[in-house]
Amino acid sequence: MLLSSPAYSLLDAYVFGFVLTEQNLPVEQSQNAEEFVAAMELPADEFPHLAELVGERIIGGAYDFADEFDVGLEMILDQLETRLALERGA
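Since the structure is predicted, the reported quantities are computational estimates derived from the model, not experimental observations.

**Focus on the overall build of the protein**
The helix and strand inventory of the protein stands at four helices and zero strands. In the protein, once contacts between residues fewer than 6 apart in sequence are set aside, the share between residues at least 24 apart is 70%. Surface exposure of the protein reaches about 7,200 Å², of which carbon and sulfur atoms provide 57%.

**Observations concerning the packing of helix H1 (residues 5–24) against helix H4 (residues 67–89)**
Where H1 contacts H4, the axes come no closer than 11 Å and their chain directions differ by 175 degrees. Considered as vectors, H1 and H4 are oriented roughly antiparallel to each other. Where H1 abuts H4, its residues Ala 7, Leu 10, Leu 11, Tyr 14, Val 15 and Phe 18 lie against Glu 68, Phe 69, Gly 72, Leu 73, Ile 76, Leu 77 and Leu 80. Split by residue class, the contact of H1 with H4 holds eleven nonpolar, one polar and one charged.

**Description of the packing of aromatic side chains**
Overall, the coordinates contain three aromatic pairs when judged by the stated rule. Measuring from ring centre to ring centre gives 5.4 Å for Tyr 14 and Phe 69, while their planes differ by 25 degrees; the resulting arrangement is stacked. Within this pair, whereas Tyr 14 is found in helix H1, its partner Phe 69 is found in helix H4, the two being separated by 55 residues in sequence. Residue classification places Tyr 14 among the buried residues on the basis of a relative accessible area of 19%. Plain terms: the ring middles of Phe 18 and Phe 69 are 5.1 Å apart, the flat faces sit at 70 degrees to each other, and that makes the pair edge-to-face. Taken together, the positions of Phe 18 in helix H1 and Phe 69 in helix H4 put the pair 51 residues apart, joining distant regions of the chain. Each residue in the set Tyr 14, Phe 18 and Phe 69 is aromatic and connected to the rest through ring pairs, giving one cluster.

Basis of the calculations
- Residues numbered from 1 in each chain as written.
- Predicted model: local features only at pLDDT ≥ 70, side-chain atom pairs only at ≥ 80, totals over all residues.
- Heavy atoms only, no water.
- Helix = DSSP H or I, 4+ residues; strand = E, 2+ residues; numbered from the N terminus.
- Contact = heavy atoms within 4.5 Å.
- Areas by Shrake-Rupley, 256 points an atom, 1.4 Å probe, with all protein chains shown as cover.
- Axes fitted to C-alpha atoms, helices over the stretch in contact; angles between N-to-C directions.
- Parallel < 35°, antiparallel > 145°, perpendicular 65-115°, else oblique.
- Nonpolar A, V, L, I, M, F, W, Y, C, P; charged D, E, K, R; others polar.
- Phe/Tyr/Trp six-rings, centres within 6.5 Å; stacked < 30°, edge-to-face > 60°.
- Buried < 20%, exposed > 50% of the residue type's maximum accessible area, 1.4 Å probe, protein only.

Laid out in structure tokens, this is it:
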């Protein structure tokens, strides 16, 4: 499969953006995600959706930002595969 320019740009932006985000997360090496979130004191009344996400995914769990890469990449590749199949069938 030869990637089109938009597909290549999408993959490039995802990988590059993910790496930049991971490198710039304001979490110390010795600090886990739960400690970081607790220190933020996130006001749930101002950010209800973010607070819900944090409560479900980070607090009390084994959250690791790096684990999200594979999930997101798989979503992108699945959609590219679907679009390519539609283009070939059209």
